[in-house]
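Here is how the chains run, residue by residue.
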Amino acid sequence: MAAGPEPLLATDGLRKEFGGLTATDDVSLTVSPGERRCLIGPNGAGKSTLLSLLTGQLDPTAGSIRFAGEEIDGLAPHERVDRGLSVKFQVPSVYGAFSTRENLRLALQRRRSGDGLEEAIDESLARFDLVEEAEMDASALSHGQKQRLEIAIASALDPSLLLLDEPVAGLSVEETDRIVELLIDLNESRGIALLVIEHDMAFVRALAERVTVLHQGAILTEGEMESVANDPTVREVYLGEEV
Ligand SMILES: Nc1ncnc2c1ncn2[C@@H]1O[C@H](COP(=O)(O)OP(=O)(O)OP(=O)(O)O)[C@@H](O)[C@H]1O
């Protein structure tokens, strides 16, 4: 059988123990270039821990991580970002006292010098529907606008993989739909692969090409959302909640 294209991200036997608790249990996860993947699982399943291992916020107890053809274990978080692994955390990290435009300038100037910087800021404001909020302090933005600014900042670094931790938590259905559209646009027009932790199943259905289910730190199953949602073992771990 011919080997497929090399995955963009591949973890091998990734493990994280906190004292006696195994939060990540031998996870071997692969994400292909340009793929849209969601990571789901009940509370405490180990989703955030896995994300922190990928970003370098946490060191694994065992196992390895390959990204874009090289081992990234041991690289600092900013070195992983420089290699194209960008992240939008759940907790907002915009500079509240700076305007939306200034926040974008700070992010975009890491990749672009004077030439083309202002055009790139304007393009980003338009893409993320923040033109009217350009001169507002980021602290005055609504929750949904802040989430869009955060995604704009994370994607300013020209990542090949964007990790997002609950990007639509606390958002209205309308704002959630907007974020889905923006993420699909980023994925399709710039080829950015997405790995998204999210509890909102309507979001997951709309965005994900494939879904990985975590339970007690380990991968329970993977596949298209419809087959995953109908899997009896998945229904069992969600204890009868709608999946
Ligand atoms: N720093 C830590 N020290 C000790 N235990 C931790 C630590 N971080 C996470 N855990 C434990 O690891 C397990 C997995 O937690 P994690 O936050 O990764 O799950 P999650 O799937 O992201 O949950 P949620 O959906 O509620 O955010 C939990 O039992 C949690 O209590």
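Our subject is the structure listed above.
Here's what I pulled together on the structure shown here. Everything quoted here is computed from the prediction, not taken from an experiment. Residue numbers restart at each chain and count upward from 1, following the sequence in its written direction. In keeping with the model being predicted, local features are shown solely for residues with a pLDDT of at least 70 and side-chain atom pairs are shown and tallied solely at 80 or more, while totals for entire chains, interfaces and linings include all residues. Only hydrogens and water are removed before side-chain values are computed, so all heavy atoms of the structure are retained for them.

Focus: the pattern of salt bridges
Piece 1. By convention in these notes, a salt bridge is any Lys or Arg side-chain nitrogen within 4 Å of a carboxyl oxygen on Asp or Glu. Applying the stated rule across the entire model yields 21 salt bridges.
Piece 2. Notably, a salt bridge pairs Arg-66 with Glu-71, separated by 3.8 Å at the nearest N-O pair.
Piece 3. Here Arg-110 and Asp-82 are joined by a salt bridge, their closest N and O atoms 3.5 Å apart. Highlighted residues: Arg-110 in the loop between helix H3 (100-108) and helix H4 (117-127) and Asp-82 in helix H2 (residues 77-82), separated in sequence by 28 residues.
Piece 4. Only protein chains enter the accessibility calculation, which uses a 1.4 Å probe. A residue is then buried if its area is under 20% of the maximum for its type, exposed if over 50%, and partly exposed in between. Its relative accessible area of 44% is what places Asp-82 among the partly exposed residues.
Piece 5. A network of salt bridges, in which partner residues are shared, links Arg-15, Glu-17, Asp-25 and Asp-26. Numbering goes from the N terminus for both helices and strands, where a helix is a DSSP run of H or I of at least four residues and a strand is a run of E of at least two.

As for the layout of surface pockets
Piece 1. Of the grid points, spaced at 1 Å and generated over the protein atoms alone, those admitting a 1.4 Å probe that cannot get out make up cavities, while open sets with protein on both sides within 12 Å along at least five of seven lines make up pockets; any residue with an atom within 4 Å of a point is treated as lining. Grid points are joined across faces, edges and corners, and a volume is the space filled by probe spheres set on the points. By volume, the largest pocket is sized at about 560 Å³.
Piece 2. Residue assignment for the lining of the largest pocket shows that the elements contributing at least two residues are H2, strand E7 (85-88), H3 and helix H5 (143-155).
Piece 3. Only Asp, Glu, Lys and Arg are considered charged in this grouping, and only Ala, Val, Leu, Ile, Met, Phe, Trp, Tyr, Cys and Pro are considered nonpolar; every other residue, Gly among them, is considered polar. Among the residues forming the lining of the largest pocket, the class breakdown is 11 nonpolar, six polar and four charged.

A few points about the nonpolar core
Piece 1. We define a nonpolar core as any set of buried Ala, Val, Leu, Ile, Met, Phe, Trp, Tyr and Cys residues linked to one another through side-chain atoms lying within 4.5 Å. Counting 45 residues, the largest nonpolar core has Leu-183, Phe-203 and Val-204 as the members making the most contacts within it.
Piece 2. With six residues, helix H6 (residues 173-190) is the largest single contributor of residues to this core.
Piece 3. Apart from residues lying up to four places away in sequence, Val-204 is in contact with Cys-38, Ile-40, Glu-198, Val-211 and Met-225. We call two residues in contact when some of their heavy atoms are within 4.5 Å.

Structural notes on the environment of Val-131
Piece 1. Positionally, Val-131 belongs in the loop between H4 and H5.
Piece 2. Assessed through its relative accessible area of 53%, Val-131 is described here as exposed.
Piece 3. Considering only alpha carbons, one finds Val-131 and Leu-9, 122 residues apart in sequence, at a separation of 34 Å.
Piece 4. Excluding anything up to four places from it in sequence, Val-131 contacts Leu-125 and Ala-126.

Here we look at the packing of aromatic side chains
Piece 1. By convention, a stacked pair of Phe, Tyr or Trp rings (six-membered ring in the case of Trp) has centres within 6.5 Å and planes under 30 degrees apart, an edge-to-face pair has planes over 60 apart, and any other such pair is tilted. As enumerated under the stated definition, the model contains one aromatic pair in all.
Piece 2. Aromatic side chains Tyr-95 and Phe-98 sit 5.7 Å apart centroid to centroid with 40 degrees between the ring planes, which places their arrangement in the tilted category.

A short note on the pairing of strand E11 (residues 218-223)
Piece 1. Where strand E10 (residues 210-215) and E11 come together, five bridges link them in antiparallel fashion. Bridge pairing in E11 links His-215 to Ala-218.
Piece 2. Between E10 and the antiparallel strand that follows it, E11, lie two residues; Gln-216 among them carries a positive phi value of about 50 degrees. The pairing criterion is simple: DSSP has to find at least two bridges between the two strands.

Structural notes on the side chain of Ser-99
Piece 1. Structurally, Ser-99 is set in the loop between E7 and H3.
Piece 2. Not counting residues within four places of it along the chain, the set of residues in contact with Ser-99 comprises Ala-134, Glu-135, Met-136, Asp-137 and Ala-138.

Thoughts on the sheet that holds E7
Piece 1. Across the sheet, which stays open at both edges, the six strands sit in the order E7-E8-E9-E4-E10-E11 with mixed pairing between neighbours. Either end of the sheet is taken by a strand with one partner, and the two such strands are E7 and E11. In this sheet, neighbouring strand axes are inclined to one another by 20 degrees on average, regardless of whether the strands run parallel or antiparallel.
Piece 2. Across the sheet, helix H1 (residues 47-55) lies against strand E4 (36-40), E7, strand E8 (161-165), strand E9 (193-197) and E10, angled at about 145 degrees from E8, the strand it touches most.
Piece 3. Axes here refer to lines fitted to C-alpha atoms; in helices the fit is confined to the stretch in contact. Angles between the N-to-C directions go from 0 to 180 degrees. Strands E7 and E8 of the sheet are contacted by H5, whose axis makes an angle of about 170 degrees with E7.

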